[in-house]
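This is what each chain is made of:
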Amino acid sequence: MLASNRTADSARTKRLAVAGATGLIGSQVVAHAVALGHEVVSLSRSMGVDLTDRDSLGDRLEGVDVVIDVTRPSSMALEEAISFFTTVAKNLGRASAAAGVARMIVLSIIGLEKNQDFDWYVATLAHERAAREHFANTQVLRSAQFHEFPEQVLGRGLRGDKAEVMDVQTQPVASREVARLLVELAIGDQTEDVEIAGPQPEQLVNLVSELTRLRGDEIEVVPVPVSVAMASGSLLPGAEALLRGETWLAWARRHYGREH
Ligand SMILES: NC(=O)c1ccc[n+]([C@@H]2O[C@H](COP(=O)([O-])OP(=O)(O)OC[C@H]3O[C@@H](n4cnc5c(N)ncnc54)[C@H](OP(=O)(O)O)[C@@H]3O)[C@@H](O)[C@H]2O)c1
């Protein structure tokens, strides 16, 4: 599907393909790119493209300048996630090369290589490597955890009225800022890898506790010790990272809608 709110009469108009266009990040990338007047080719199963199927893309990348890969597998289990990411990277990379795409931007996570005892980070590092292997002009945006992350962690850790939460530091960032930066990179000239995080480090356990308070949930948050690497701040951004947007608390007060 092609979306645009401007005819392609401007030299600055780009044609962007968004893999994972219906997801949390992808939907915001599409909306922002279209608002800026760019053309967007939306790729996801619900838009008729299964990126794990090598034939599913067809000629959809014809005329595309930049591909933005913000896919995520349905399963976070190690083997399935690795298989998904490497297959999608291969199919997207080959089709991009054949169509003459200039650049591919892949969304990944800060601190991956220091946390290879964590299955999801093994799968995400495999994603980065496969993308670079199958498409030379690959740029990686590594993000800190999104503002939505504490809610996802709470959902996964909930057992009755207790929730187990990793006792780790994070520097959460608004998903809106990540989406906007992806578009900024896609239409700009910078080709080096980039990191993005929010304005300040936080303890994840404190964020989940505050979330339960804001929602009025009677849930006890139980801190779970993590690896030495994670406990020593390996999820925090490096010195060169872009720090953008508001704090988690400012976002959460608005997003979860009430104070107690
Ligand atoms: N959560 C965090 O805090 C965080 C932090 C840093 C980086 N990240 C990374 O950011 C990326 C995007 O995350 P998100 O939360 O936006 O993901 P999401 O909301 O789960 O969206 C995933 C997207 O992938 C698409 N998809 C899944 N299987 C597909 C297939 N076989 N073919 C084509 N499209 C497929 C989905 O659409 P359909 O279901 O319609 O196919 C959807 O559009 C992930 O790789 C994640 O690891 C997350």
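Sequence order as written defines the numbering, with residues in each chain counted from 1. Side-chain atom pairs in this predicted model are given and counted only at pLDDT of 80 or more, local residue features only at pLDDT of at least 70, and totals for whole chains, interfaces and linings cover all residues.

1. Digging into the overall build of the protein chain
Okay, so step 1: From N to C terminus, the protein chain includes eight helices and 13 strands.
Okay, so step 2: A principal-axis box enclosing the C-alpha atoms of the protein chain has dimensions of 55 × 35 × 35 Å.
Okay, so step 3: Counting other C-beta atoms within 10 Å of a residue's own tells you its class, since 20 or more makes it buried, 12 or fewer makes it exposed, and anything in between is partly exposed; those C-beta atoms are placed from the backbone. A total of 260 residues make up the protein chain; the buried ones form 41% of that total.
Okay, so step 4: By definition, residue pairs are in contact when their C-beta atoms, positioned from the backbone, come within 7 Å. Put simply, of all contacts in the protein chain between residues at least 6 apart along the chain, 82% involve residues at least 24 apart. A run of H or I in DSSP becomes a helix once it reaches four residues, and a run of E becomes a strand once it reaches two; helices and strands are each numbered from the N terminus.

2. Regarding the site of the ligand
Okay, so step 1: Each residue gets a C-beta atom placed from its backbone. If that atom is within 6 Å of a molecule or strand, the residue is near it. Lining the immediate surroundings of the ligand are 26 residues, of which Gly-20, Gly-23, Ser-44, Arg-45 and Ser-46 lie closest.
Okay, so step 2: Sorting the residues of the shell around the ligand by element identifies helix H1 (24-35) and strand S5 (103-109) as the ones contributing at least two each.
Okay, so step 3: Sorting elements by how many residues they give to the shell around the ligand places H1 first, with three residues.
Okay, so step 4: Residue type decides the class: Asp, Glu, Lys and Arg count as charged, Ala, Val, Leu, Ile, Met, Phe, Trp, Tyr, Cys and Pro as nonpolar, and the leftover types, Gly among them, as polar. Counted by class, the shell around the ligand contains twelve nonpolar, eleven polar and three charged residues.

3. Here's the deal with the environment of Asp-65
Okay, so step 1: Among the secondary structure elements, Asp-65 is positioned in the loop between strand S3 (39-43) and strand S4 (66-69).
Okay, so step 2: Considering only alpha carbons, one finds Asp-65 and Pro-225, 160 residues apart in sequence, at a separation of 45 Å.
Okay, so step 3: Excluding residues that lie within four positions of it along the chain, Asp-65 makes contacts with Lys-14, Arg-15, Leu-16, Val-101 and Ala-102.

4. Re helix H3 (residues 119-134)
Okay, so step 1: For H3, spanning 16 residues, the distance from its first C-alpha to its last is 23 Å, which sits close to the expected 22 Å at 1.5 Å a residue.
Okay, so step 2: Here H3 has its buried residues at Tyr-121, Ala-123, Thr-124, His-127, Glu-128, Ala-130, Ala-131 and His-134.
Okay, so step 3: Looking at the buried residues of H3, the elements they touch are S4, helix H2 (78-99), S5 and strand S6 (138-143). A helix is expected to reach a length of 1.5 Å times the quantity of its residues less one.

5. Considerations on the pairing of S5
Okay, so step 1: Of all seven residues that make up S5, five are buried, and the element is covered over most of its length.
Okay, so step 2: Here is how to tell: hold the view so the strands point away, follow the path from the first strand over the helix to the second, and if it runs clockwise the crossover is right-handed. Each parallel crossover has a hand, and for S4 linked through H2 to S5 it is right-handed.
Okay, so step 3: Each pair of strands is called paired provided DSSP finds at least two bridges between the two strands. Direction of pairing for S5 relative to S6: parallel, over a ladder of six bridges. Its bridge partner being in S6, Leu-107 is matched across the sheet by Leu-141.

6. Section: helix H5 (residues 175-187)
Okay, so step 1: If you check H5, its first and last C-alpha atoms are 19 Å apart, about what 13 residues at 1.5 Å a residue would give, namely 18 Å.
Okay, so step 2: Along H5, the residues that are buried comprise Ser-175, Glu-177, Val-178, Ala-179, Leu-181, Leu-182, Val-183, Leu-185 and Ala-186.

7. Focus: the sheet that holds strand S7 (residues 158-159)
Sheet strands pair via backbone hydrogen bonds, and the direction of the pair is either parallel or antiparallel.
Okay, so step 1: Strand order in the open sheet made by the three strands is S7-S8-S12, with mixed pairing throughout. Since the sheet does not close on itself, it has two edges, and those belong to S7 and strand S12 (220-224), each with one partner.
Okay, so step 2: Where S7 and strand S8 (residues 162-166) come together, two bridges link them in antiparallel fashion. Looking across to S8, one finds that Leu-158 is bridged to Ala-163.
Okay, so step 3: Only the stretch in contact is used when fitting a helix axis, every axis being a line fitted to C-alpha atoms; angles between N-to-C directions are given from 0 to 180 degrees. Of the strands in this sheet, S7 and S8 are in contact with helix H4 (residues 149-157), which crosses S8 at around 125°.

8. Comments concerning the packing of H1 against H5
Angle between the axes and distance between the axes: these two values describe a pair of packed helices.
Okay, so step 1: Axis separation between H1 and H5 bottoms out at 8 Å; the angle between their running directions is 55°. Considering their axes alone, H1 and H5 lie oblique with respect to each other. Crossing angle aside, the handedness with which H1 passes H5 is right-handed. Along the contact surface, H1 presents Leu-24, Ile-25, Gln-28, Val-29, His-32 and Ala-33, while H5 presents Ser-175, Arg-176, Val-178, Ala-179, Arg-180, Leu-182 and Val-183.
Okay, so step 2: Here the contact of H1 with H5 is composed, by residue class, of eight nonpolar, three polar and two charged. When an angle is under 35 degrees it counts as roughly parallel; over 145 it counts as roughly antiparallel; between 65 and 115 it counts as roughly perpendicular; any other value is oblique. A clockwise turn of the near helix away from the far one marks a right-handed crossing, whereas an anticlockwise turn of less than a right angle marks a left-handed crossing.

9. Some details on the nonpolar core
Soluble globular proteins tend to pack their nonpolar side chains together in the buried interior.
Okay, so step 1: Counting 72 residues, the largest nonpolar core has Val-18, Val-29, Val-67, Ile-68, Leu-182 and Val-208 as the members making the most contacts within it.
Okay, so step 2: In contact with Leu-182, not counting residues within four places along its chain, are Val-29, Ile-68, Ile-105, Leu-107 and Leu-141. We define a nonpolar core as a collection of buried residues of the types Ala, Val, Leu, Ile, Met, Phe, Trp, Tyr and Cys that are connected via C-beta atoms lying within 7 Å of each other.

10. Thoughts on the packing of helix H6 (residues 204-215) against helix H8 (residues 248-255)
Okay, so step 1: The geometry of H6 relative to H8 is characterised by a closest axis approach of 10 Å and an angle of 25° between their N-to-C directions. Between H6 and H8, the interaxial angle falls into the category roughly parallel. Crossing geometry of H6 relative to H8 is assigned as right-handed. Where H6 approaches H8, its residues Leu-207, Glu-210, Leu-211 and Leu-214 are matched on the opposing element by Trp-248, Leu-249, Ala-252 and Arg-253.

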